[in-house]
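# Commentary on secondary and tertiary structure
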Amino acid sequence: MDFPESRDRLVQVCRSRFNSPPTYVTFRLRLSPEGASTLARSCNEPLGTQRHTSTSILGDPMTTDPISGHRRSVLARSLALALTLPLAFSAAAQDSQAEEEEETSTEQATQLDTLEVVGSRIKRSEMEGPAPVVVITREDIDREGHQTIGDLLQSLTQGTTGDFTGDYFVNGFTPNAQTINLRAIGPGYTLVLINGRRLSQYPMPYNNSNNITNVRTIPTSIIERTEVLTGGASAIYGSDAVAGVVNIVTRKNFDGNNIRVTTGTTDEGGGDSVNFEFSGGRTGDRWSAIWAFQYATNEPIFASQRKLTADIRNNPYGLPVNPQLSLIAIDALGLVVPRGHNALYDPAVCDALGYESATTPTRGSFCGSYDQVAQRSLYNKQDFYSGYGYGIFDLTDNLQLFASASYYNNDATSASGIRNYFTGADNFLQNPSGGVLGAFYDPNIGTVLQLQRYFRASEAGGLEQAGDYFEEKTWTLEAGLQGSIGRFDWEASVNHSRYEFLMDIPALKAQAVHEYFLGPRLGFISGYPIHELNVDRWNTPLTPETFGNIYTRVTFAEGHTTSSTANFTISGDLFELPAGPLGFAGILEGNRQTIDRQADWRLSEPLGPNSIYGLGSAGVSIGERDRYAIGAEFRVPILDNLTANVAGRYDKYDDITNIDDAITWNLGLEFRPFDSLLLRANYATSFRAPDFQMVYSTGSAGFSTFVDEYSCRSGTGLGLTTGPRTYQECAATSGDPTIYGMRTERDGNTALKEEEGQSWGIGFVWDIVDNLSLTVDYFDIKLEDRAITLSPALLLQQEADCRLGVKRDGTPFEYSPGSAFCQGVLAAVSRNSAPGTTLDQRIQAINSTYINAAYQRVTGIDSTLAYSWDTDRLGRFGVNLAWSIELSDEYKRFESDPLIDYRDMADYNSRSRARGSFTWTKGDWAANTFFTRYGTVYNWAETERLPPWFLWNLNVSKRFGQDTMVTLAVNNVFNNQVRLDPTYTGYPYYYGGFGSDLQGRRFYVTVQHQF
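In every chain, residue numbers begin from 1 and rise along the written sequence. Totals for whole chains, interfaces and linings use all residues, but because this is a predicted model, local features are given only for residues with pLDDT of at least 70 and pairs of side-chain atoms are given and counted only at 80 or more. In computing side-chain properties, one takes all heavy atoms of the structure into account and sets aside hydrogens as well as water.

Taking an unreviewed UniProt entry as the reference, the chain is identified by name as TonB-dependent receptor belonging to Arenimonas caeni. UniProt positions are given in the numbering used here, feature names are shortened, and annotations may be inferred rather than shown by experiment. Recorded under Subcellular location (unreviewed entry), the UniProt text for the chain is reproduced unchanged: "Cell outer membrane". Its UniProt record gives the chain the following Sequence similarities (unreviewed entry) comment, quoted word for word: "Belongs to the TonB-dependent receptor family."

## Quick look at the overall build of the chain
Looking only at helices and strands, the chain has 18 helices and 47 strands in total. Think of it in three bands: with a 1.4 Å probe and only protein chains considered, a residue is buried below 20% of the maximum accessible area for its type, exposed above 50%, and partly exposed in between. Expressed as a percentage of its 1011 residues, the buried residues of the chain come to 58%. Across the chain, contacts joining residues at least 24 apart in sequence account for 72% of those joining residues at least 6 apart. The method behind every accessible area is Shrake-Rupley, applied with a 1.4 Å probe, and residues are considered shielded solely by the protein chains displayed. Just so you have it, the chain exposes about 37700 Å², and 56% of that area is on carbon and sulfur atoms. Helix and strand definitions follow DSSP, with helices as H or I runs of at least four residues and strands as E runs of at least two, each counted in order from the N terminus. Any two residues having at least one pair of non-hydrogen atoms within 4.5 Å are treated as being in contact.

## Considerations on the sheet that holds strand β4 (residues 190-194)
Ordered by their spatial adjacency, five strands build an open sheet running β3-β6-β7-β4-β5, and the pairing between neighbours is mixed. Every other strand in the sheet has two partners, leaving β3 (133-137) and β5 (197-198) as the edge strands with one partner each. Two strands are counted as paired when DSSP detects at least two bridges linking them.

## Things to note about the nonpolar core
Only buried residues count toward a nonpolar core. Its members are Ala, Val, Leu, Ile, Met, Phe, Trp, Tyr and Cys residues joined through side-chain atoms within 4.5 Å. Counting residues in hydrophobic clusters, the biggest one holds 36 residues, and the most contacted among them are Y421, L451, F455, F517 and F547. Sorting elements by how many residues they give to this core places helix α11 (residues 510-518) first, with five residues. Among residues more than four places away in sequence, those in contact with F455 are Y355, Q372, Q375, I418, R419, N420, Y421, L508, F517, L542, F547 and I550. Judged by nonpolar contacts, the second largest core, of 33 residues, contains L152, L153, V215 and I223.

## A look at the side chain of T474
Among the structural elements, T474 can be located in strand β21 (residues 467-485). Assessed through its relative accessible area of 12%, T474 is described here as buried. Polar contacts, as used here, are pairs of N or O atoms within 3.5 Å; protein pairs need one atom able to donate a hydrogen and one able to accept it. Residues neighboring in sequence count only if both atoms are side-chain atoms. For T474, the side chain forms a polar contact with the main-chain oxygen of R498, separated by 2.9 Å. Ignoring any residue separated from it by four or fewer positions in sequence, one finds T474 in contact with T217, S406, Y407, Y408, R498 and Y499.

## Some thoughts on the packing of aromatic side chains
Under the pairing criterion, centres of Phe, Tyr and Trp rings, with the six-membered ring standing for Trp, must be within 6.5 Å; the plane angle then separates stacked pairs below 30 degrees from edge-to-face pairs above 60, leaving the rest tilted. Evaluation of the coordinates by the stated rule reveals 28 aromatic pairs. When the centroid spacing of 5.4 Å and the interplanar angle of 45° are considered together, the rings of F584 and F634 count as tilted. Remark: F634 occurs in strand β28 (residues 621-639) and F584 occurs in strand β26 (residues 580-598); sequence separation between them is 50 residues. Residues W760 and Y778 carry aromatic rings whose centres are separated by 5.2 Å and whose planes lie at 50° to one another, so their mutual orientation is tilted. Taken together, the residues W760 in strand β34 (residues 755-769) and Y778 in strand β35 (residues 772-788) connect sequence positions 18 residues apart.

## A closer look at the state of the cysteines
Cysteine sulfur atoms are paired as a disulfide whenever they come within 2.5 Å of each other. For the structure on display, the rule yields three disulfides. The residue that forms a disulfide with C350 is C367, at a sulfur-sulfur distance of 1.9 Å. Disulfide C350-C367: the torsion about the S-S bond is -85°, which places it as left-handed. Residue C350 is located in helix α9 (residues 347-353), and its partner C367 is located in strand β14 (residues 364-369); the two are separated by 17 residues in the primary sequence. The partner cysteine of C712 in its disulfide is C730, sulfur to sulfur 2.0 Å. When the S-S torsion is 95°, as for the bridge of C712 with C730, the disulfide is right-handed. Of this pair, C712 sits in helix α15 (residues 709-714) while C730 sits in helix α16 (residues 727-731), placing them 18 residues apart in sequence.

## A closer look at the pattern of salt bridges
Here a salt bridge means any side-chain nitrogen of Lys or Arg lying within 4 Å of a carboxyl oxygen belonging to Asp or Glu. This model, assessed by the stated rule, comprises 54 salt bridges. Note that E895 and K892 form a salt bridge whose closest N and O atoms lie 3.7 Å from each other. We classify K892 as buried; its relative accessible area is 15%. Linked through salt bridges whose partners overlap, the residues forming this network are R198, D240, R688, D691 and E755.

## Focus: the pairing of β26
Where a strand is regular, its side chains alternate between the two sheet faces. Bridge analysis of strand β25 (residues 551-577) against β26 gives 18 bridges, and the strand direction is antiparallel. The residue bridging T565 from the neighbouring strand is N591, located in β26. Between β25 and β26, which follow one another and run antiparallel, lie two residues. Strand direction decides the pairing type here: β26 and β28, joined by 15 bridges, are antiparallel. Pairing of G583 across the sheet is with R635, part of β28.

What follows is the structure, encoded as structure tokens:
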């Protein structure tokens, strides 16, 4: 007896699961509905190297071998199970015809049991290969409590805590983006793909540095699994695959409909969220289709909603704190009050403005605030929706047409507080030669003044006036053909993606705010401009209408990027060798990338009626790049238990840089001395072409706050009133005069060449006993000619070292003031010349550009342990643990510099990271506990290491029937918000790079229903 409906369902599901031509799945099995269902679930079950116990709470529990490929894979075992079910065959299955059909089915099933995994284009039956690959399923995301794919990727032990945006840098250049940064080399050195295809880059540079891929734009509703290859892979994928590759595989098979709704809230307020997902799929005789829609929204969390950040007095160390300088007129000459003190003070004015009266030795009496910081957001408001569709149609038995489309739209808001006015950033305060002084002479008061005034939310008309608005949308279209010719599979496709970006921010009108408080210039005296401060306006709260006259909104950046790709791939077995078939894969690829990013023209106008106060510019980036590539891979069976993997690739570039072409290759070895043990080794070369920001950016500028290290350590200029001190003393003092906003400038460099990398690794995968496996891998990644800019903080440190001749610790600096190195550093920092005032030696601008200079080498060990066991009455238990440790982090900026290992120094990166899951299932119930451990780091004072920092998530699920499931989850169970550091004595009293989760404890309820 045959069951055609079961057979058809099996063929449709398995065909789309492995994305193979129909010749590999059109086999004749006489399966019962139960047998077909069992095998169909197996086809749907994602395979993974770090996923060993797979439990679908909406279906039957499944157990995979700890090391797929060393024993029979999940598909082969499930096929055997289906073939032995008592109801699987009728009595007719005993005749010879049925036996022939079974033999044919078995042969074709063997061909089916292959798929392509990141790191190779050759399909294989073993998930484990010569290079470590971490496979993460959608179920893993849900089970561990992550709300986005970015959250999960950032929890990997191979990543870093110290280089994220969108999480704690919510007011930076890229607060709406999430990145993945493997090996702490930088997010631009990890290639992110969807279904093996490149995405359009994020139009805004990461922290105004380099371009990235924003993984936040990948909705969880479309994800089937995520594959993470750690190590160089440019011989397979081209540029950027230096530290590793993240390949996100989208869903391609589903029959039915699924609705999933998640609501969440936080323990301390703010951050309420709703996430709605709908996905479905249908199959026909010659076609299948899947679609998904997702909408999510979350409320912001403001600093006022967390005790640690709501008030600068709320430091956990009991430190005395001075209020922020909210309304102050500093006497720069000391003619009216002591030098550096406030020259205008009235406690009644403080009360009227909602500020507190304060008196300090360095500033005298002034109006200050302890809670001005409460206006900033800690977690940004987000609203997004996305759509996805994928379809495949059988043109013939050996040819399929496929197409996919995806769309993502995000509207977000961050808040950094109402903009303040400070004469140090007032470009209209100039000396007769046009130099910006940041101060003026007031004849009514009789001295030179420096002003600072913070505006209250009530003056601006509410906190919504402080919002930075982000509008982002990205879409991707792909179409192609795939089929088979003899023993070869082939695919030809075209792909186009586009990312559009708009960043709209509040700002003060430079001329309007200048004239409102200071009026017209009345002349000059001793080089200072003369103005009469309007004291009534200075001391009186503004109405929202008046504030509107000096306030505007500007388009900080607007633009788009595109990526268009055409490629052809072919894979299969060339011929038989004594130890097995010689596998082959080849690729031809062409790609064009473009960028067109503009900024509000007013940001480039330093003086004039339309100029903007206190803001730099994201600059302009307009350019394109064409790339062509050809590559080949071979999988060579040397012995029955020894296999070599060889790949090579040639990339040809057509752009304005010094890159012409790049040749990369890799070699991998797999040795299986016995079935349960794999020994592996790999070597790869890699490269990274300079991205658009490094090449095409012009006019990029900004204002950032740094320690003027020379003034601090020398006790001159702005450090004159405090005398010489250490850098740590200045940096740790809130409101220190040597800490102020400085203009930073950066342009692209068309003379850049490609960065070149090498990586190698060795390790093993050991299936110790049933359901217990261990992997250990050593990695070594080297990068040369790295494109860098000397950071403003580093330039300021080296400027102080050059001027003083000694380093921070008092040891002699290796370069003399007259050396070429010091001359270059001193030229990058421009200062005022105003002897006898607090403006003397004040920094005007810090200039830097990109250069090929640096060398970096990172080594370490990754390990995983997985174990699962059944009990008669208590259910099934599972443990999955991962641990990575950095053994070295060697770096030098220039060839002549000494090579320094920063592994045990204060580089603000954890030396080790661990993560783990503890699972339990019994009947309709399931529970999971997930933890992340961030290893020790040096404290801010660089005197000792801080203890490890942990986060714990917990969830419990209950199935109601076969189609409905409810999950309760608690993230950050112990409300561990920051890693405390008593030496970080300035607000906010922690450094986010050490590890932070200011959302705190939060709760989620998820209801999922299939129909």
